[in-house]
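Report on the structure
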Amino acid sequence: MTSTNAPVLDIQNLTVDFDTPTGTIAAVRGVDMHVGAGETVAIVGESGSGKSQAMMAAMGLLAANGRAGGRVTYDGADLLNLPLAKLNTLRGRKITMIFQEPMTSLDPLYTIGRQLAEPMVVHGGLSWKAAKTRALELLKLVNIPDPDRKIKAYPYEMSGGQRQRVMIAMALANDPDVLIADEPTTALDVTTQAQILQLLADLQKRLGMAVMFITHDLGIVRRIADRVYVMKSGDVVESGETDRIFTSPEHPYTRMLLDAEPTGAKPPVPAASPPLLEAQKVGVAFSVDAGLFKPRHELKAVDGVSFALRRGQTLGIVGESGSGKSTLGRAVLNLLPATGRVVYNGDVISGKSRAHMQALRRHLQLVFQDPFGSLSPRLTVGQIVSEGLLVHEPQLSAADRDARACQALEEVALDPAMRNRYPHEFSGGQRQRIAIARTMVLKPDLVVLDEPTSALDRTIQKQIVELLRDLQAAHELTYLFISHDLAVVRALADTVMVMKQGKVIEAGPTDVIFQSPRDDYTRELIGAAMLTQSQMMATG
Amino acid sequence: MTRYVLGRLLGAIPTIFLIVTISFFLIRIAPGGPFDLERPLEAKVMENLNKIYHLDEPLWQQYLLYLKSVAQLDFGPSFYFRDFTINELFAQSLPISIQLGLTALCLALVVGGTLGVVAALRQNQPTDYTVMAAATLGVTIPNFVVAPILTLVLGVWLGWLPVGGWNGGAFVNVILPVVTLALPQIAVVARLTRGSMIEALRSNHVRTARAYGLSTYMVVVVHALRGAILPVVSYLGPAAAALLTGSVVVETIFGIPGIGRYFVQGALNRDYTLVMGTVVVVACFVILFNLIVDLLYALLDPRVRYD
């Protein structure tokens, strides 16, 4: 495929401005992009780079306070100045779009069949009956299992991956010329992501449409794109053939993005290091549907999981959503009723009362995935960080607590002068640092890190990975690192445990698991993660 | 579904039983009785009256007697309107109140809903501010102020509409009381609709609908409004129960023979059976409309299931 054929969609000097009470914000500052028939173009950038807003503007989907300027030409018409009725003859027919949020992009109140049929009835002039028949064909095309039944299903009855397939089916319904995919796989598990990407590639080959693919994941770009636009703060800073961008990036920002893939490996702990945590046959079961006339049905979220950790080690727990990895992390800390035995530092903690756990809690800490939801918006950062000291070191004076908070903030590379601010004034990466400082202030032994980097951009992710590494080395911390991101686990863990449906599929030293996985599922996960060669082979 | 409805209706029986019990003893605690007039009756007459109405029996026996008759849907004789039973009184007045309330409810839903949608589509524009300012006025001005003003302007000065009376429910007689009843409801419905509609218009699935070139009607009505109407529906349940069981103020001002007046008259005259009857009727309406709301919810939102 070449980039020299005439562009189907041509974006010239596109600007997007948002009017806010505090002034106008320029989200996109005059970008030029184009895509030719049969070509796949990737737009790469971190959150806030304007990559999504540029596409929203082209589709006339900006929020009410947004204004677009420049030209977006399709088939001789400028999309930005088209009257709504005219634009509606192109949107959903010639130019279609898939969104980042498969869980919410479909109307929860209508069946899949009806939503698939709607654009065909509106644009293709089909009767509802004919459109439903075609919808069934489309569901088969995107490999939805049991399409005859699923066509009558509501979105809530389907998984995220299936909903995204439905969105793809909807995008293809009217045989479009241009498909805009806005991070279509970001919210999905890695294996699902791999399937969706494969499906898109197959369909593109078969139907010959142009694809504009917005993503922050360079692994995907390398795999699917012909050309790349790199966006930063509303500008395209670099563009070119994918190979060229990856082999000889010109702009420092592009180089930084490429370097942001987590690399390296963890040095092993000395053999004499004492055991810190041992879990034996830990199990957690939830009862589902304990109705009046229904028998109690047990869902085994965690099923007989055992592992042992020595001081200073990191155990990476890997698995897709619903595999029970987060539940395991909470069960180990005795935050959930669980069966089995957990020994911490020679002390059996499973099944112990709150009062008994209270004294141990300071040694057993937890960092959560969502840096936006896990910090109280009504406390200052200083209060958040020092709150644990109120419980565990009540003898400290307010001044001492403040000093300890400053120390903890310095340790996570935040300016202690910012401790009087509130969480909303910080970025996602900074908030995650605050959450880490909150645990560090108590000088813990064991920290359960529940997807601490998943909500962050790659460059920020790398900084957090470095931070966790440094803290571990400085304080001999032991980590239970829960993640679905194999690149990060590869860089941080001594041993890896792969979980599926509550069970451990495979466990072993990180190098062994990554280089010679025994189980098919592990192989599938690693393949789907699209690690680079250097990441695969990385050694400490 | 039928099973669910039956279950809910059966579940209402203990609720009503509790309500009857509590209100039966509450009204008896209030000092005075139905036959205590300013000039006391002769002792003999009083004794006879008490005997006829079983008021001379122990309280618990009266209670059991009342429970028995309520179970047979007989609310007993009125102590104050001596020639009528409560059933007869309600048979005349309840349909009038229901007709008024239902009309006002429909008016509130249509007008309030439309205003809310229009305001949401023009968020933070003059139309939006005007509608919301009017809605705030509608909520804050009490109906005993609205009613006389409307009567004065449309009835007395302009002479377009009758100032009062029911006249068998003639259209012109219904307009003023219905509008008075509906105004605050219109305001509340408009506010609720606007709020949930703004949220719905921002939601991802509405963005999908727009991205696929659906017409404004399809986007607004089919995809946004259906979800946005849910909070309005849950408000309308209790509101409908209140409207349909009559309004003391509106019925008094416009001289309408509805059930609303009986609340006050029954309580003031210690007309025990009348008070009890109105309490039971209101309780039934509240229970019924909550059930209707839950069923409507299931109809509108497939994620809600009762089985």
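Residues numbered from 1 in each chain as written. Chains lettered and ligands numbered in written order. Predicted model: local features only at pLDDT ≥ 70, side-chain atom pairs only at ≥ 80, totals over all residues. Heavy atoms only, no water.

Take the overall build of chain A next. Counting its regular elements, chain A contains 20 helices and 20 strands. In terms of overall size, chain A behaves like a compact globule, its C-alpha atoms giving a radius of gyration of 25 Å where 540 residues would be expected to give roughly 24 Å. Based on the C-alpha atoms only, the size of chain A along its principal axes is roughly 75 × 60 × 45 Å. Taking the contacts inside chain A whose residues are at least 6 apart along the sequence as the reference set, 69% of them involve residues at least 24 apart. When the accessible surface of chain A is totalled, it reaches about 22800 Å², and 52% of it is carbon and sulfur. Averaging the positions of the 57 positive and the 59 negative side-chain charges in chain A gives two centres separated by 5 Å. (Helix = DSSP H or I, 4+ residues; strand = E, 2+ residues; numbered from the N terminus. Rg over C-alpha atoms; globule rule 2.2 N^0.38 Å. Contact = heavy atoms within 4.5 Å. Areas by Shrake-Rupley, 256 points an atom, 1.4 Å probe, with all protein chains shown as cover. Lys, Arg positive; Asp, Glu negative; His and termini not counted. Charge placed at Lys NZ, Arg CZ, Asp CG, Glu CD.)

A separate point is the overall build of chain B. Within chain B one finds 12 helices and 0 strands. In chain B, the succession of helices and strands from N to C terminus is α-α-α-α-α-α-α-α-α-α-α-α. For the C-alpha atoms alone, the extent of chain B along its principal axes is close to 85 × 60 × 30 Å. Within chain B, buried positions represent 43% of all 307 residues. The long-range fraction of contacts in chain B, counting pairs at least 24 apart against all pairs at least 6 apart in sequence, stands at 73%. For chain B, the exposed area adds up to about 15700 Å²; of that, 69% sits on carbon and sulfur atoms. A gap of 15 Å separates the mean positions of the 19 positive and 16 negative side-chain charges of chain B. (Buried < 20%, exposed > 50% of the residue type's maximum accessible area, 1.4 Å probe, protein only.)

Counting residues in each nonpolar core, the largest one holds 76 residues, and the members touching the most others are A:Leu9, A:Met33, A:Met55, A:Leu79, A:Ile168, A:Ile180 and A:Met212. Ranked by the residues each element gives to this core, the list is headed by helix 6 (residues 160-172) of chain A, at 7 residues. With residues near it in sequence (within four places) discarded, A:Met55 still touches A:Ile11, A:Met33, A:Ile43, A:Met97, A:Ile180, A:Met212 and A:Ile214. With 53 residues, the next largest nonpolar core counts B:Ile16, B:Val70, B:Leu244 and B:Val280 among its residues. (Core = buried A, V, L, I, M, F, W, Y, C linked by side-chain atoms within 4.5 Å.)

This part is about the pairing of strand 16 (residues 364-367) of chain A. Residue and element names in this part refer to chain A. Neither face of strand 16 is open: one carries Leu364 and Leu366, the other Gln365 and Val367, and all of them are buried. Bridge analysis of strand 16 against strand 17 (residues 446-450) gives 4 bridges, and the strand direction is parallel. If you follow leucine 364 over to strand 17, its bridge partner there is leucine 446. (Pairing = 2+ DSSP bridges.)

Empty space among the atoms becomes apparent when a probe as large as a water molecule is rolled across them. Across all of its chains, the model carries 3 cavities of 30 Å³ or more by this definition. A volume near 60 Å³ is recorded for the largest cavity. Taken together, A:Ser105, A:Leu106, A:Asp107, A:Gln115, A:Glu118, A:Met170, B:His205, B:Thr208, B:Ala209, B:Tyr212, B:Leu214 and B:His223 form the lining of the largest cavity. Counting residues per element, the lining of the largest cavity draws most heavily on helix 8 (residues 204-211) of chain B, at 3 residues. Here the residues of the lining of the largest cavity are counted per class, giving 5 nonpolar, 5 polar and 2 charged. (1 Å grid on protein atoms, 1.4 Å probe; cavity = no way out; pocket = protein on both sides within 12 Å on 5 of 7 lines; lining within 4 Å. Points joined across faces, edges and corners; volume = space filled by probe spheres on them. Nonpolar A, V, L, I, M, F, W, Y, C, P; charged D, E, K, R; others polar.)

Before going further, it helps to examine the side chain of B:Thr193. Residues and elements named next belong to chain B. Counting through the fold element by element, threonine 193 comes out in helix 7 (residues 171-202). The buried category is assigned to threonine 193, whose relative accessible area is 1%. At a separation of 2.6 Å, a polar atom in the side chain of threonine 193 contacts the main-chain carbonyl oxygen of valine 189. When sequence neighbours within four positions are dropped, the list of residues in contact with threonine 193 reads Gly112, Gly113, Gly116, Val117, Leu225 and Val232. (Polar contact = N/O pair within 3.5 Å; in protein donor to acceptor, adjacent residues only side chain to side chain.)

Looking now at helix 5 (residues 126-140) of chain B. In a regular helix each residue adds 1.5 Å, so 15 residues correspond to 21 Å; helix 5 of chain B covers 21 Å between its end C-alpha atoms and thus fits that length. On the buried face of helix 5 of chain B, the contacting elements are helix 4 (86-121) and helix 7 of chain B. (Expected span 1.5 Å × (residues − 1).)

Attention shifts here to the sheet that holds strand 9 (residues 227-232) of chain A. Residues and elements named next belong to chain A. A sheet is described by the order of its strands in space; here 6 strands give the open sequence 6-7-8-3-9-10, paired in mixed fashion. Two strands bound the open sheet, and with one partner strand each, they are strand 6 (95-98) and strand 10 (235-241). In this sheet, adjacent strand axes meet at a mean angle of 15° when their direction is disregarded. One ladder, built from 5 bridges, connects strand 3 (residues 40-44) with strand 8 (residues 210-215); its direction is parallel. Looking at strand 8, one finds that alanine 42 is bridged to phenylalanine 213. Relative to the sheet, helix 7 (residues 190-207) contacts strand 3, strand 6, strand 7 (178-182) and strand 8, its axis offset from that of strand 8 by approximately 160°. (Axes fitted to C-alpha atoms, helices over the stretch in contact; angles between N-to-C directions.)

Right, let's talk about the sheet that holds strand 18 (residues 478-483) of chain A for a bit. Residue and element names in this part refer to chain A. The strand order across the open sheet formed by 6 strands is 16-17-18-13-19-20, and the pairing between neighbours is mixed. With one partner strand each, in any of the chains shown, strand 16 and strand 20 (503-509) form the two edges of the open sheet. Mean inter-strand twist for the sheet, computed between neighbouring axes without regard to direction, equals 15°. Of the strand pairs in this sheet, strand 13 (residues 314-318) and strand 19 (residues 495-500) are connected by 4 bridges, and their pairing is parallel. Across the sheet, the residue bridging to valine 318 is valine 498, located in strand 19. Relative to the sheet, helix 15 (residues 428-440) contacts strand 16, strand 17 and strand 18, its axis offset from that of strand 16 by approximately 175°. Helix 16 (residues 458-475) rests against strand 13, strand 17 and strand 18 of the sheet, and its axis sits at about 160° to strand 18.

All right, on to the side chain of B:Asp301 then. Position of B:Asp301 relative to the elements: it lies in the segment after helix 12 (272-300). Look past the residues within four positions of B:Asp301 in its chain and what remains in contact with it is A:Leu109 and B:Leu230.

Listed as interface residues are 32 residues of chain A and, on the opposing side, 22 residues of chain B. Summing the contributions of chain A and of chain B, the shared interface buries around 2400 Å²; its carbon and sulfur component is 56%. Sorting the residues of chain A by area buried against chain B places A:Leu109, A:Tyr110 and A:Tyr156 first, and these three jointly supply 25% of that buried surface. In this structure, A:Glu101 and B:Arg207 form a salt bridge, with 2.9 Å as the shortest nitrogen-oxygen distance. Run the count over chain A and chain B and you get 14 residue pairs in polar contact (both at pLDDT 80 or more). Of all the elements in the fold, those that place two or more residues in the side of chain A that touches chain B are helix 2 (84-90), strand 6, helix 3 (112-124) and helix 6 of chain A. Among the elements that make up the side of chain A that touches chain B, the one with the highest residue count is helix 3 of chain A (5 residues). The residue makeup of the side of chain A that touches chain B, split by class, is 19 nonpolar, 7 polar and 6 charged. (Buried area = accessible area lost by both parts, 1.4 Å probe. Salt bridge = Lys/Arg side-chain N within 4 Å of Asp/Glu carboxyl O.)

All names here are of chain A. Contact geometry of helix 13 (residues 381-392) with helix 14 (residues 398-411) gives a least axis separation of 9 Å together with a crossing angle of 115°. Considering the angle they form, helix 13 stands roughly perpendicular to helix 14. In this structure, the crossing between helix 13 and helix 14 has a hand that is right-handed. When helix 13 is examined against helix 14, the residues Val381, Gly382, Val385, Ser386, Leu389 and Leu390 are found in contact with a partner set consisting of Arg401, Arg404, Ala405, Ala408 and Leu409. Classifying every residue of the contact of helix 13 with helix 14 gives 7 nonpolar, 2 polar and 2 charged. (Parallel < 35°, antiparallel > 145°, perpendicular 65-115°, else oblique. Left-handed = near helix turned anticlockwise from the far one by under 90°.)

Further remarks concern the packing of aromatic side chains. Residues and elements named next belong to chain B. The final tally for this structure, using the stated rule, is 14 aromatic pairs over all chains. With centroids separated by 5.4 Å and ring planes inclined at 55°, the aromatic side chains of phenylalanine 24 and tyrosine 63 adopt a geometry described as tilted. Of this pair, phenylalanine 24 sits in helix 1 (residues 2-29) while tyrosine 63 is found in helix 3 (residues 59-71), placing the two residues 39 residues apart along the sequence. A residue is classified by how much of its surface remains accessible, and phenylalanine 24, at 3% relative accessible area, is buried. Considering the side-chain rings of phenylalanine 25 and tyrosine 63, the 5.0 Å spacing of their centres and the 45° angle between planes classify their relative orientation as tilted. (Phe/Tyr/Trp six-rings, centres within 6.5 Å; stacked < 30°, edge-to-face > 60°.)

With that settled, consider the confidence of the model for chain B. All names here are of chain B. Per-residue pLDDT for chain B has a mean of 89; in total, 100% of the residues score no lower than 70. Per-element confidence in chain B ranges from a low mean pLDDT of 84 for helix 2 (residues 43-52) to a high of 94 for helix 8. Here the complex is predicted with pTM 0.79, and the ipTM for its interfaces comes to 0.81. (pLDDT = per-residue confidence, 0-100.)

This brings us to the packing of helix 3 of chain A against helix 6 of chain A. Helix-helix packing is described using two parameters, namely the angle between the two axes and the distance between the axes. Residues and elements named next belong to chain A. Taken N-terminus to C-terminus, the directions of helix 3 and helix 6 make an angle of 25°; their axes are 8 Å apart at the nearest point. Of the possible angle classes, the one that applies to helix 3 and helix 6 is roughly parallel. For the pair helix 3 and helix 6, the crossing hand works out as right-handed. Within the contact between the two elements, helix 3 uses Ile112, Gln115, Leu116 and Pro119 and helix 6 uses Val166, Ala169 and Met170.

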